[in-house]
Amino acid sequence: MIAIPRVSPRTGGDGRSGDRNTRSLTMHVLVLGAGVTGVTTAWYLARAGFEVSVVDREPQAALETSRANGGQISISHPEPWANPGAPLTALRWLGREDAPLLFRPHADSAQWRWALAFLRECLPGRTRRNTAAIANLAVHSGQKLRALRAETGLAYDHLERGILHLFFTPEEFAHARGRVAELAAYGIVARACEADECVALEPALASARTQLAGGLYAPGDESGDACRFTQELARLAADAGVRFHYDTTITGLSCTRGRIDAVEVRDAQGRAGALTADAYVVCLGSYGRALVAPLGEKLPIYPVKGYSITAPVIDPARAPSVSLTDESRRIVCSRLGDRLRVAGTAELNGFDTNINAARCQAILDWVEARFPGAVDLTRAERWTGLRPATPGNIPLIGRSRIPGLWYNTGHGTLGWTLACGSASALTDLISGRRPPVEHFPFLDGQR
Ligand SMILES: Cc1cc2nc3c(=O)[nH]c(=O)nc-3n(C[C@H](O)[C@H](O)[C@H](O)COP(=O)(O)OP(=O)(O)OC[C@H]3O[C@@H](n4cnc5c(N)ncnc54)[C@H](O)[C@@H]3O)c2cc1C
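Going by the annotation in an unreviewed UniProt entry, the name recorded for the chain is D-amino acid dehydrogenase, with Aromatoleum tolulyticum given as the source organism. UniProt, in the comment section headed Catalytic activity (unreviewed entry), describes the chain in these words: "a D-alpha-amino acid + A + H2O = a 2-oxocarboxylate + AH2 + NH4(+)".

Draft legend 1. The arrangement of helix H7 (residues 226–239) in detail. If you check H7, its first and last C-alpha atoms are 20 Å apart, about what 14 residues at 1.5 Å a residue would give, namely 20 Å. Looking only at H7, the buried set comprises Ala226, Cys227, Phe229, Thr230, Leu233, Ala234 and Ala237. Looking straight down H7, one finds that the buried residues subtend no more than 160° of arc, so they occupy a single side. Buried-residue contacts for H7 involve helix H1 (36–47), helix H4 (124–152), strand S9 (243–245) and helix H10 (415–430). The backbone nitrogen of Cys227 has a side-chain oxygen 3.0 Å away, supplied by the residue at the start of H7, namely Asp225. Two residues or fewer after H7 comes Gly241, characterised by a positive phi angle close to 110°.

Draft legend 2. Layout of the site of the ligand. As a matter of local geometry, the ligand sits amid 35 residues, with Asp56, Ser66, Gln72, Gly412 and Thr417 nearest to it. One of the backbone N or O atoms of Gln72 is found 2.8 Å from a nitrogen atom in the ligand. Gly415 has a polar backbone atom sitting 3.1 Å from an oxygen atom of the ligand. Only H1, strand S10 (249–256), strand S14 (302–312), strand S18 (381–389) and H10 provide two or more residues apiece to the shell around the ligand. In terms of residue class, the shell around the ligand is made up of 12 nonpolar, 18 polar and five charged. Two domains share the shell around the ligand, each providing at least three of its residues, namely domain 1 (9–64 + 228–298 + 393–444) and domain 2 (73–221 + 301–389).

Draft legend 3. Spatial organisation of the environment of Thr413. Mapped onto the fold, Thr413 is located in the loop between strand S20 (405–409) and H10. Residues Thr413 and Pro80, 333 residues apart in the sequence, show an inter-C-alpha distance of 8.3 Å. Setting aside its immediate chain neighbours within four residues, Thr413 contacts Trp81, Arg387 and Asn393. A distance of 2.7 Å separates the side chain of Thr413 from the side chain of Asn393, its partner in a polar contact.

Conventions and cut-offs
Residues numbered from 1 in each chain as written. Predicted model: local features only at pLDDT ≥ 70, side-chain atom pairs only at ≥ 80, totals over all residues. Heavy atoms only, no water. UniProt positions renumbered as here; feature names shortened; annotations may be inferred. Helix = DSSP H or I, 4+ residues; strand = E, 2+ residues; numbered from the N terminus. Expected span 1.5 Å × (residues − 1). Buried < 20%, exposed > 50% of the residue type's maximum accessible area, 1.4 Å probe, protein only. Arc of directions from axis to C-beta. Contact = heavy atoms within 4.5 Å. Polar contact = N/O pair within 3.5 Å; in protein donor to acceptor, adjacent residues only side chain to side chain. Near = heavy atom within 4 Å. Nonpolar A, V, L, I, M, F, W, Y, C, P; charged D, E, K, R; others polar. Domains from an automatic or database assignment.

In structure tokens, the structure reads:
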């Protein structure tokens, strides 16, 4: 049970100590990070009447992990990677450079602690609990995204054609059939499809027909360009009065008498400064953990590296427009206008952001095998990003133990899917309202 403070955005406080830094009657919130999580947080806070600023080290929004992800609004896949089957999958691919799940050991205690915690979250009971929490937040998020689109008319190469999960062995397909009832319990519509029905839904799968065992189709899922969405929403937010401090690197958080009172920054010219507000929200992706650690806060977030390629479509009939998930290879693909985005793989390799040729090649090979002639792979853009992952894939949303400091971070594999719901829930919490999401472990400052 969480304790929710009763405050109004106009009281000028965060429910613990009131406004000490501004003379304005409106509470000022500084959002740290302008990825999809930070920008949606800024948007919902501004809509709720808060004064909002955003700070990011990049020259514009969504240039790090939110830049070129798989594009899926995947409400129908709430089950986290930490599930009872994960350890076996990792063992099966052990030693292979193109493994969908790869652990590269470092002399870094945070990495080992995270890996052990991940194994603990693979226990069936924990997987069930995490799945339920993510499913409820994902359903809420889908509703919020649709409402936001209706309100703003945002265009971001989105498609409402559902997601088709593909299975290439009869065992996997049989297991998938069992997921239909489980998803229905969370209000998520999905149906099992024989191979022929999969091809009827997505004719570009015709050449894969003989290998396909079946699919699971979730018509309510969507796809779209998270980067374009975030940059467009940032533009609307700026028009609505949100201040963006780009090219500004956060170097530390300053605390006085146990309360956060400023964010220390350095601008593009290397000049040091400070930004102050009444409340601060951490949306820093994989980099938040190190910034809050000196305050005694231990965020269970570790970077899980992934890759994508984006290639121009040269034969629209051969390129899928239903968003697809290859469950055994953990590869997803989304049509973004006249481009095809294909993403996947997970690697525990610290903060390394170099492009590994073998891992990128695994994705390129997948495209060539599944959709020959659909895209121009010679013009494919290769990208890598660090998913800010918690061991059970449950994002950290709510109040920290430090007065004035809030979290909306750690969305791992589902940051695009969960962005609108998480941001709106955090806004509810800061406003003293209970978010309409059942069985989700919102943070209450007690951890
Ligand atoms: C290969 C891949 C495929 C994916 N596919 C999907 C998908 O299909 N569907 C889905 O839902 N999710 C997907 N994800 C996950 C999703 O992309 C992430 O969860 C999401 O982008 C995280 O957003 P964020 O805002 O938390 O982090 P980020 O986008 O990384 O934003 C953090 C921001 O903080 C800023 N920052 C960090 N440190 C500092 C500092 N010291 N000072 C100032 N600024 C700082 C950064 O510049 C950045 O803009 C995928 C991820 C990957 C890697």
